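This is what each chain is made of:
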Amino acid sequence: MLINKTHLTLTIIATLTSLHLHAAGFQLNSQSATGLGRAFSGDAVIADNASVMAKNPAAMTLFTTPALSLGLIAINSDINIQNTSITTPTPAGIMSFPVENASIGDVSYVPNIYYIHPVNENIALGASLYSNFGTLTKFPNNYGGNLPGTLKNSADIYGGTTEVKSINLGLSAAYRFNTQFSIGAGIDVIYGHGKFTRGRDLSLLPSALTGTTNLVDIDADGFAVGFNLGTVYEINQNHRFGLSYRYSPTLEADGDITYIPNASQGKPFNLNNEKLKIPLPDIIEFSGFHQLTNKFALHYSIQWIGWDSFTRLETTGNTTIKEYQWQNGWHYAVGGTYALNEKWVLRAGYMYDTSAQDQLTSISVPDSDRNWFSSGFSYHLNPHANIDFGITYLTGKDVNVTELSTGAPQLNATTHADAWLYGLQYSLTF
């Protein structure tokens with residue numbers, strides 16, 4: 001029975017990519033509470049705290065004093081797998097058997113910290129530490145346990161558990177040419193770690209030989225290095241634009257990789273001597289900011305994510321694991337900020353976020369076009385310090401999924417993913 005191992009590694013991709021990915025899997029923006037409160041509209045140029053360097057290093061020149069920002073975002077995902085069935089040939093013909101519904105969402109916590117240090121009127125340096133994505137999706141134990149006979153638990157071939165974490169260290173520099181034009185660049189060092197299981201307790205090989213009772217058992221990590229470039233153009237102090245480009249590398253992850261289905265093809269099931277090559281997408285973002293009155297500002301962003309580079313997963317030993325047909329992703333965000341008084345600033349925003357998946361879909365990495373509805377506020381403790389809060393309701397669409405692995409029964413299901421995001425941030429200027 002051949003299980004699709006790449007369903008596991010898709011979530012590695014979601015967490016090891018650069019900070020700005022928004023489409024693949026169930027990845028979410030999580031740079032700052034201020035950005036969260038406006039659906040990340042204008043985030044590449046607003047520069048209301050140090051977190052702007054995660055989107056556009058050139059925007060660091062908008063700071064005249066050192067700035068520190070640190071925060072935490074909680075992601076409460078609600079992912080439901082419904083209308084599920086397993087279809088397989090039987091002596092009576094092809095038959096379908098229902099599988100119980102599953103809820104696989106959970107709560108993840110994503111911290112961040114940023115520091116910007118203006119060296120002089122023209123040069124600024126910055127450092128950041130954040131996680132692009134943190135999540136846990138877990139199908140119930142014995143998923144598909146209601147299925148009859150040899151089909152029992154077979155739905156777990158496509159389910160299992162997925163736990164992922166990532167850390168991104170960014171080092172950036174920016175230079176101001178004149179009152180209107182600035183540029184910036186940065187290096188991203190990305191570390192990611194994932195634990196995955198599929199086909200739990202379905203392995204027919206002795207665990208004394210394989211070290212697991214699961215069809216797939218992965219504990220892998222890896223590093224990658226990318227870079228980002230940006231520019232800011234200021235018409236004046238009330239109107240400015242930002243443009244950024246992020247290069248994302250091919251990440252190679254290694255560790256304990258046990259892939260039992262290879263044994264049925266006479267291939268080794270232990271792939272610890274190979275690394276998994278994961279092509280990551282480049283990202284381009286354009287943002288605008290316009291202070292229309294003393295109290296109200298309008299801001300917006302358009303982002304392109306080059307997911308069409310992700311056509312397949314393969315190992316460094318030239319083993320093709322699965323072909324994919326992903327499409328480029330986009331997001332469009334617009335928002336407003338209103339200064340209520342000297343202490344309180346209110347903000348809100350909306351984002352439309354498109355899916356990277358096209359014809360090929362999965363229950364283990366639910367994905368769809370999504371709508372973000374966001375609001376938030378800042379409370380100024382004093383002229384140099386403030387607390388920010390942001391909240392977003394993210395709602396997806398129903399997606400009909402069909403999965404089929406060689407030698408395994410076909411699975412059909414409907415997936416739907418929603419989420420609540422809550423962010424808290426503390427920012428300080430010196």
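Residues numbered from 1 in each chain as written. Predicted model: local features only at pLDDT ≥ 70, side-chain atom pairs only at ≥ 80, totals over all residues. Heavy atoms only, no water.

1. Re the pattern of salt bridges
Any two side chains of opposite charge can pair if their charged atoms end up close together.
Inference 1: In the structure shown here, the tally under the stated rule is 9 salt bridges.
Inference 2: Across the pair R38 and D48 runs a salt bridge, and its minimum N-O distance is 2.7 Å. With R38 in the loop between α2 (33-37) and β1 (67-90) and D48 in the loop between α2 and β1, this residue pair connects regions lying 10 residues apart in the sequence.
Inference 3: A salt bridge links R176 to E234, with the shortest nitrogen-to-oxygen separation between them at 2.8 Å. Here R176, found in strand β7 (residues 161-176), pairs with E234, found in strand β9 (residues 216-236); they are 58 residues apart in sequence, far enough to count as distant. Each member of the pair R176 and E234 is classed as buried.
Inference 4: Put simply, R38, D43, D48, K55 and E285 are held in one network by salt bridges that share partners. (Salt bridge = Lys/Arg side-chain N within 4 Å of Asp/Glu carboxyl O. Helix = DSSP H or I, 4+ residues; strand = E, 2+ residues; numbered from the N terminus. Buried < 20%, exposed > 50% of the residue type's maximum accessible area, 1.4 Å probe, protein only.)

2. Here we look at the nonpolar core
Inference 1: One finds I81, I86, F139, Y143, I363 and L411 to be the most contacted residues of the largest nonpolar core, which totals 24 residues.
Inference 2: For I81, the contacting residues outside a window of four places in its chain are N101, A102, I104, F139, Y143, I363, P366, A413, T414 and T415.
Inference 3: If you look at the next biggest cluster of nonpolar residues, it comprises 20 residues, including A50, V52, M60 and A124. (Core = buried A, V, L, I, M, F, W, Y, C linked by side-chain atoms within 4.5 Å. Contact = heavy atoms within 4.5 Å.)

3. Re the layout of surface pockets
Inference 1: Its boundaries defined by the atoms lining it, the largest pocket holds a volume of some 910 Å³.
Inference 2: What lines the largest pocket is a set of 36 residues, among which I46, A47, D48, N49 and H380 lie closest to the centre.
Inference 3: Considering only residue class, the lining of the largest pocket consists of 14 nonpolar, 14 polar and 8 charged. (1 Å grid on protein atoms, 1.4 Å probe; cavity = no way out; pocket = protein on both sides within 12 Å on 5 of 7 lines; lining within 4 Å. Points joined across faces, edges and corners; volume = space filled by probe spheres on them. Nonpolar A, V, L, I, M, F, W, Y, C, P; charged D, E, K, R; others polar.)

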